[in-house]
2 protein chains.
Amino acid sequence: MGHLERKKREQKNIRGSILNAAITIAKSKGWNAVTIRKIAEAIEYSPPIVYTHFQNKDDLIREIIIQGFQKLIQTNQEYVVASKNAKKQLLALSVAHWDFAVENRELYQLMFSIERPIPNEEAERGSLLIKDIFAHVSGKEGRELDSIIFNWVCLLNGIIGMIMQFEESEHPFLEKYAVKPRDLFMQFMQRFINSIATTESLSN
Amino acid sequence: MGHLERKKREQKNIRGSILNAAITIAKSKGWNAVTIRKIAEAIEYSPPIVYTHFQNKDDLIREIIIQGFQKLIQTNQEYVVASKNAKKQLLALSVAHWDFAVENRELYQLMFSIERPIPNEEAERGSLLIKDIFAHVSGKEGRELDSIIFNWVCLLNGIIGMIMQFEESEHPFLEKYAVKPRDLFMQFMQRFINSIATTESLSN
DNA sequence: TTAAATTATCTAACATTGTTAGGCAAAGGA
DNA sequence: TCCTTTGCCTAACAATGTTAGATAATTTAA
């Protein structure tokens, strides 16, 4: 009866392998190339095995997204604890998103894709940390605070998505600026943070 | 030989019907349901007819996107000429995007989808009008001006995409605000515009 | 230990997709 | 009238997600 544990672990490993295989394929050939058969081939099982671990392909993708948000939350926390004052934490938070997006490009694109309206409790969970920091820097609360965070998220994902697109298509915009995309991004976010910061928090 | 003209027109009509059919299907069942066979059925032709007018499905979609940008540019112009001073024009420009996005929801999602890195000269063309207005309001030029416009576009599409997503998933965020999404959007954009406007243009 | 039952996995098939090859029939030109 | 071109179709291909049913392995019960 103690085998049940090992069994479950093995099952989970298959589940994990499926998820990993999907991400690996996406990394090298894009999400369009992520196919049940290719996943099966990668993990050396037959295609139907996927359906013993996921209801269908959408379910599989959703799982990847959820894990993505968990990972992002973790990155956020790591970056935030590394910086002292709240204003710097806000920039750190922004940069955390950027670095996550660069490191997990495909995953990020999936997570924030407009076409996939997936409401995620994970995202909700992560917003607690964010809310704290924003409250501190902006001095706002309640509705106004929500609105600022909303603004930030939009700006953040808008910029990241756009710079990524520019990079892919070798858009002249990036050449014009002789700075690295990451620095460019930081400039943008710094400006936004300054615009919402109280004069108090501006002093340091 | 004069028939050539009429013939071409008829050909173009098929082409147009294909595009229309694709958009109609997308409107009612989403882009995933846009399929060569369904398009063919809608226009009462056989599937291969599509390939006499488009190289492949991607080509068809690209064409839809290009026409979308042309339409958006037109909307922009209409809204801008209807407002007098530059600052109001800037808000008008923002609202034009919003209204276009609401009226052509699926098209908009397609046009600004992260997953589809399509560099479009059309978008470039439309940016001329935008650049003028921004230059006037912000008093900037060159690199700084580009950067502000970039910021605006990111914010704009970020907010629109996000509010749309919230609407679809009946996210509590929208309930908390007892305002209509459009008004909420205008608030956000107004704040941004104020933040970039020179003190000069702030006076009126 | 052995028979039964359960579980893990596979092979084979299905319908749906994009796409292409090849043919037919109408129209136009000689 | 015959030949060529054109417009369109039927039929097929391969790749996709997904399911049904069979088989092999393992666990349980006797």
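Residues numbered from 1 in each chain as written. Chains lettered and ligands numbered in written order. Predicted model: local features only at pLDDT ≥ 70, side-chain atom pairs only at ≥ 80, totals over all residues.

Concerning the overall build of chain A
Of the regular secondary structure elements, chain A holds 10 helices and 0 strands. Each helix and strand of chain A, placed in order from N terminus to C terminus, yields the pattern α-α-α-α-α-α-α-α-α-α. Within chain A, buried positions represent 28% of all 204 residues. (Helix = DSSP H or I, 4+ residues; strand = E, 2+ residues; numbered from the N terminus. Buried ≥ 20, exposed ≤ 12 C-beta atoms within 10 Å, placed from the backbone.)

Section: the nonpolar core
Residues A22, L155 and I159 of chain A together with A22, L155 and I159 of chain B are the most contacted members of the largest nonpolar core, which totals 86 residues. Ignoring sequence-local partners within four residues, the contact set of A22 of chain B consists of V34, I39, L60 and I64 of chain B. (Core = buried A, V, L, I, M, F, W, Y, C linked by C-beta atoms within 7 Å. Contact = placed C-beta atoms within 7 Å.)

Overview of the packing of helix α4 (residues 86–103) of chain A against helix α9 (residues 181–196) of chain A
Residue and element names in this part refer to chain A. Their axes nearest at 10 Å, the elements α4 and α9 cross at an angle of 140 degrees. Comparing their axes, α9 and α4 come out oblique. Where α4 crosses over α9, the handedness of that crossing is right-handed. Only R182, F185, M186, M189, Q190 and I193 of α9 make contact with α4, whose side of the interface consists of K87, L90, L91, S94, V95 and W98. (Axes fitted to C-alpha atoms, helices over the stretch in contact; angles between N-to-C directions. Parallel < 35°, antiparallel > 145°, perpendicular 65-115°, else oblique. Left-handed = near helix turned anticlockwise from the far one by under 90°.)

What about the packing of helix α3 (residues 57–81) of chain A against α4 of chain A?
Geometrically, a packed helix pair is captured by the angle between its two axes and the distance between the axes. All names here are of chain A. Packing of α3 against α4 brings their axes to within 8 Å, and their N-to-C directions diverge by 140 degrees. If you check the angle between α3 and α4, you find them oblique. For the pair α3 and α4, the crossing hand works out as right-handed. The residues of α4 that touch α3, namely those facing L72, T75, N76, Y79 and V80, are Q89, A92, L93, V95, A96 and F100. For the contact of α3 with α4, the class distribution of residues is 8 nonpolar, 3 polar and no charged. (Nonpolar A, V, L, I, M, F, W, Y, C, P; charged D, E, K, R; others polar.)

Regarding α9 of chain A
Residue and element names in this part refer to chain A. Here α9 is 16 residues long and its end C-alpha atoms lie 23 Å apart, about the 22 Å a rise of 1.5 Å per residue gives. Along α9, the residues that are buried comprise F185, F188, M189, F192, I193 and I196. Burial along α9 is one-sided: seen end-on, the buried residues are contained in an arc of 135 degrees. Facing away from the buried side of α9, by more than 90 degrees, are the exposed residues D183 and N194. (Expected span 1.5 Å × (residues − 1). Arc of directions from axis to C-beta.)

A closer look at the domain arrangement of chain A
A common way to express how large an interface is: the accessible area buried when the components associate. Annotation of chain A at the domain level lists domain 1 (1–54) and domain 2 (64–202). Taken together, the 6 residues of domain 1 of chain A in the interface contact 5 residues of domain 2 of chain A. (Domains from an automatic or database assignment.)

A word on the environment of Y108 of chain A
All names here are of chain A. Checked against the element boundaries, Y108 lands in helix α5 (residues 105–111). Each C-alpha atom, one on Y108 and one on T24, is 14 Å from the other, the two residues being 84 residues apart in sequence. Discounting residues that sit within four places of it in the chain, Y108 has contacts with F100 and A101.

Things to note about unusual backbone geometry
Despite not being glycine, E44 of chain A shows a phi value in the positive range, around 60 degrees. On the neighbour-count criterion, E44 of chain A (9 C-beta atoms within 10 Å) is exposed.

Concerning the environment of E78 of chain A
Mapped onto the elements of the fold, E78 of chain A is located in helix α3. For the pair E78 of chain A and R143 of chain A, spaced 65 residues apart in sequence, the C-alpha to C-alpha distance is 28 Å.

A look at the environment of K57 of chain A
Within the fold, K57 of chain A resides in helix α3. As a C-alpha pair, K57 of chain A and K88 of chain A span 31 residues in sequence and 40 Å in three-dimensional space.

Thoughts on helix α3 (residues 57–81) of chain B
Counted at 1.5 Å a residue, the expected span for α3 of chain B with its 25 residues is 36 Å, and the 37 Å between its end C-alpha atoms agrees. Those residues of α3 of chain B lying buried are L60, I64, I65, G68, L72, I73 and N76 of chain B.

Looking at the confidence of the model for chain A
All names here are of chain A. Across chain A, the average pLDDT comes to 81, with 80% of residues at or above 70. Model confidence for chain A, summarised as mean pLDDT per element, is weakest for helix α10 (residues 199–202) at 47 and strongest for helix α2 (residues 36–43) at 96. Below pLDDT 50 for its whole length, residues 1–7 participates in 0 contacts with residues either more than four positions away or in separate chains. Here residues 200–204 is a poorly scored stretch, pLDDT under 50, and it has 6 contacts once near neighbours within four places are set aside; other chains count. (pLDDT = per-residue confidence, 0-100.)

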